[in-house]
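# Observations on the model geometry
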Amino acid sequence: MPVDAAETLWRWWYKVRHLRDNGEKTLSDFSSTDSKKDRKTGTKISSKPLAPGVSSKNVELGGSVSVKELYEGPHSRPGNYLWVDYPPRQMSKSVAKAQDRVAIKVFKIKDREKPVISGRYSLCYHQVEIQNPQLVAAVAEILKKQDVHIDVRENAVFQHPFQDLYFGYDDMAAKHQDLLDKDPSNPLRPFLLLFLRLLDDIFAETRIKSSALRAEKLISYNLLWTLFPRDTTVVSWGDNCELLFKVTETLYVEQPPRAFLIKGKVLRFDGRAFLWEDYTVNIRPFAGNRPIAEMTAYPLAFHESPDDVRARLTARGRKVLDYQGLTYVNYNGVALHITGQGHERHNVEGRVLLDVIGYNKHHLAQGSRGGADPQAKKKQLVVADEDEEDEENLADSSSVSGSTYECSKPPAQTATTTTTTTTARVVKRLAPAAQERNKHAMLALEAEAPHLMYLLPTIEGYALKNKLWVVFYVEDISPMSWNDEAYDHLVYNEQQKDLVLSFVESHCSTRKKRPQVVEDVIAGKGEGLVILLSGPPGTGKTLMAEAVADRTRRPLFYLHAEDLGINAAVLGANIKKIFEMATDWDAVILLDEADVFMAERHPQDIARNELVSIFLRELEYFRGTIFLTTNLFSTIDSAFRSRVSLHLLFSALTDEARKLIWRKFLDRLPASPSAAAAQTQQGRPALPEEAPLEEAAAAEGGARDAAAAGTDDGGDGALTEEDIGELAAWQLNGREIKTAVKMARIWCDHKRYALTLSRLENAIRVTSPHASKSTAQQDMSLYDE
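Residues numbered from 1 in each chain as written. Predicted model: local features only at pLDDT ≥ 70, side-chain atom pairs only at ≥ 80, totals over all residues. Heavy atoms only, no water.

In the nomenclature of an unreviewed UniProt entry, the chain corresponds to AAA+ ATPase domain-containing protein from the organism Remersonia thermophila.

## A closer look at a nonpolar patch on the surface
Under the convention used in this document: Candidates for patches are residues over 30% relative accessible area with no salt bridge; among them, like charges are joined within 9 Å and nonpolar side chains (Val, Leu, Ile, Met, Phe, Trp, Tyr) within 5 Å. Each accessible area value is a Shrake-Rupley result obtained with a 1.4 Å probe; residue values ignore everything except the protein chains displayed when judging cover. Note on definitions: salt bridges are taken to be side-chain nitrogens of Lys or Arg within 4 Å of carboxyl oxygens of Asp or Glu. Secondary structure follows DSSP: runs of H or I at least 4 residues long count as helices, runs of E at least 2 residues long count as strands, and numbering of each begins at the N terminus.
Judged by side-chain polarity, Leu9, Trp12, Trp13 and Val16 come together as a nonpolar surface patch covering roughly 440 Å² of accessible area. Residue position: Trp12 is located in helix α1 (residues 3-17).

## Quick notes on the packing of helix α5 (residues 169-182) against helix α6 (residues 188-215)
Our working definition: For helices, the axis comes from a line fit to the C-alpha atoms of the stretch in contact; other axes are also lines fit to C-alpha atoms, and the angle between any two N-to-C directions lies between 0 and 180 degrees. We call a crossing left-handed when the near helix sits turned anticlockwise from the far one by less than a right angle, and right-handed when that turn is clockwise. Here, residues are in contact when the closest pair of their heavy atoms is within 4.5 Å. Residue type decides the class: Asp, Glu, Lys and Arg count as charged, Ala, Val, Leu, Ile, Met, Phe, Trp, Tyr, Cys and Pro as nonpolar, and the leftover types, Gly among them, as polar.
Taken N-terminus to C-terminus, the directions of α5 and α6 make an angle of 150°; their axes are 10 Å apart at the nearest point. For the element pair α5 and α6, the recorded crossing hand is left-handed. In contact with Tyr169, Met172, Ala173, Lys175, His176, Leu179 and Leu180 of α5, α6 contributes Leu188, Arg189, Leu192, Leu193, Phe195, Leu196, Leu199, Asp200 and Arg207. Of the residues assigned to the contact of α5 with α6, the class counts are 11 nonpolar, one polar and four charged.

## Some thoughts on helix α15 (residues 568-585)
Count 3.6 residues to each turn of an α-helix, and residues three or four apart come out pointing the same way. What counts here: Residue count minus one, scaled by 1.5 Å, sets the expected span of a helix. Buried, partly exposed and exposed residues are distinguished by accessible area as a fraction of the type maximum, computed with a 1.4 Å probe on protein chains only: under 20%, between the cut-offs, and over 50%, respectively.
With 18 residues, α15 should cover 26 Å at 1.5 Å per step; its first-to-last C-alpha distance of 26 Å lies within 8% of that length. If you check which residues of α15 are buried, you get Ala568, Leu571, Gly572, Ile575, Ile578, Phe579, Glu580, Met581, Ala582, Thr583, Asp584 and Trp585.

## Brief notes about the nonpolar core
For clarity, the cut-off: We call a set of buried Ala, Val, Leu, Ile, Met, Phe, Trp, Tyr and Cys residues a nonpolar core when their side-chain atoms join them within 4.5 Å.
Counting 131 residues, the largest nonpolar core has Leu165, Phe195, Leu224, Phe557 and Trp585 as its most contacted members. Sorting elements by how many residues they give to this core places α6 first, with nine residues. Non-local contacts of Leu165, meaning those with residues more than four positions away in its chain, are made with Val139, Leu143, Phe158, Met172, Phe195, Leu199 and Phe203.

## Re the pattern of salt bridges
According to the stated counting rule, one finds 31 salt bridges in the structure shown. Taking the shortest distance from any N to any O, the salt bridge between Lys182 and Asp178 comes out at 3.2 Å. Highlighted residues: Lys182 and Asp178, both in helix α5, separated by four residues, approximately one helical turn. Judged by relative accessible area, Lys182 falls into the exposed class, the value being 66%. Note that Glu254 is salt-bridged to Arg258, the shortest N-O span being 3.1 Å. Overall, Glu254 belongs to the partly exposed group, its relative accessible area being 48%. Among the charged side chains, a salt-bridge network with shared partners connects Asp111, Lys114, Glu205 and Lys209.

Okay, structure coming up:
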């Protein structure tokens, strides 16, 4: 019978049978009594009751006390339902009883991946449903090892491609063999044997194909799932890094874009604990067969040297154990700045701060209870057990593990709690003792089973030069190298240098205030160390801040006006964040060319006045150390002068200062072979330094204009004290002297010349053509106090 005709016949039959009720249900239909009486009053319930005062001939909207049922029509589809007043045909009670009698139900569908011959389809398994309670309980117990949890009170349903049953087959076969050996009469045994025979039929073709492909180290897209049982170690090349993860689940996603998803877990440090984190890799569909080792993710067992991978990534994981606290290091590589729209790649070179807690707080805006939810705690593998009430276990959060920067003669590192403002806002970092406990716990786990190789190859922190919160790659991190020579190279009054160094060393804003410190009347005000450096360009202002930061082993947060913003709304938010981060890190801030924020206010310039007022207010409550440099001290607002802790005046260099700077830069030059040695090494005759430059040019094989080449240097290239005096006569600042030495050295190395007075003076003429050679001093009236 045609489908439409059968549907019409069924609809007619149903309506005739339910002619009286017309598909509506009243209170009597929901009553459990046969008498159709109200349970409380005992009165008989009308089959078609109406609301009081409502006539059956003119029923208002909703006036009938009844329920009307509508059903999905025969031509409906998801999202576009056609509703009718009769239900689809249901299974009869006898048929349903026959279906419930069997232990296992199997559902097959047309196999559309195989050819259709003469309109006939091959069939494939689509779903398996276990109804026998004993068999459900046995399978549930076995699959629990794969973290598959089945409700034993209901039927167990499995969908194609039946990964859980495929990977649990051996355990089920072992269970049957155990019953056969120990208890052959157990009622479960025949049901389990029946199920195993069914699985043999389901997986027969899969096993043959998979075995043949694996022998050739190949795989097809449809059989990818056979490579990834639960807890398989998978090697994957992520974003610029190699990593390992454990498989938790695999599935095919058919909605566009189609893909095979490998869900797994990796270890990550969240600032306080090592925990498992979800990790997913997608493999897009491909035709035919593909080498397993050429996929974006594949089992480590198929790698050509799996032991090397384990050793290499375990060593990388050990490095992560040393970066649990606030750590100041060098970095050279790519880092990821993660935003809501994805991530940006940035080239980062120089000094950076590894700070997972700071990243969570300032970039992710994660509160103090972030990551404390029950689900996150379940994933924790190792968490520091730290009693914050124990004073002996409290450590200053600004203390750095690894490359440690500390103030001079610091107190015992005991506090994990750092108060960043005068409010109750607190940053908690692991104390060194807690970090060690975490490290020992991870190493103890490693002795039992591999764990370190699953650690993510990235760690969060702040790129000081890029001024961004980014994710760093552990492999590109190197230890900090401090520059102690910078302080010695600084040409300034030694006692004043020592005074500045002592102030910065003793001012650790994140530690408890000492009793002898004079506090402001208002709590939290005036606790910062503000050092103003004023003077002409190139006299050492910036070098002073850099040298002091390196000598005190503290990070230098180098800022310009554009980093803070010159708009009042932007400045307020930026400066609060920067001051808070610097206080967390106990860093030294260097705000170079700070004139725009310190200029004297005028009634006509409202915008400038607003910038100065905002900066003044924030500076008043800043608790850290800040260096401010300016070339225009006379234009600074008087309100700033009263807020300055130290004011260092950098005057124009005297002859003696320039001599000292020339000596320091020349002494710092690396050793270089002389021009004669270099020429002899290359098989050419050495040219005497006193030879005319025209002859030198001819010996080099080319005609050179004598006038352009310069005059005869004479001598052997050694610089005497008299030569240093001649160089000091040039009116140059420190930056210009450094540039001249650098350019002269490059020139002489390239041409294999000796570095002589004449060549240094020629370098001065091309690097600083405005400079004159005299002993006259510059006018310093602008900087007189």
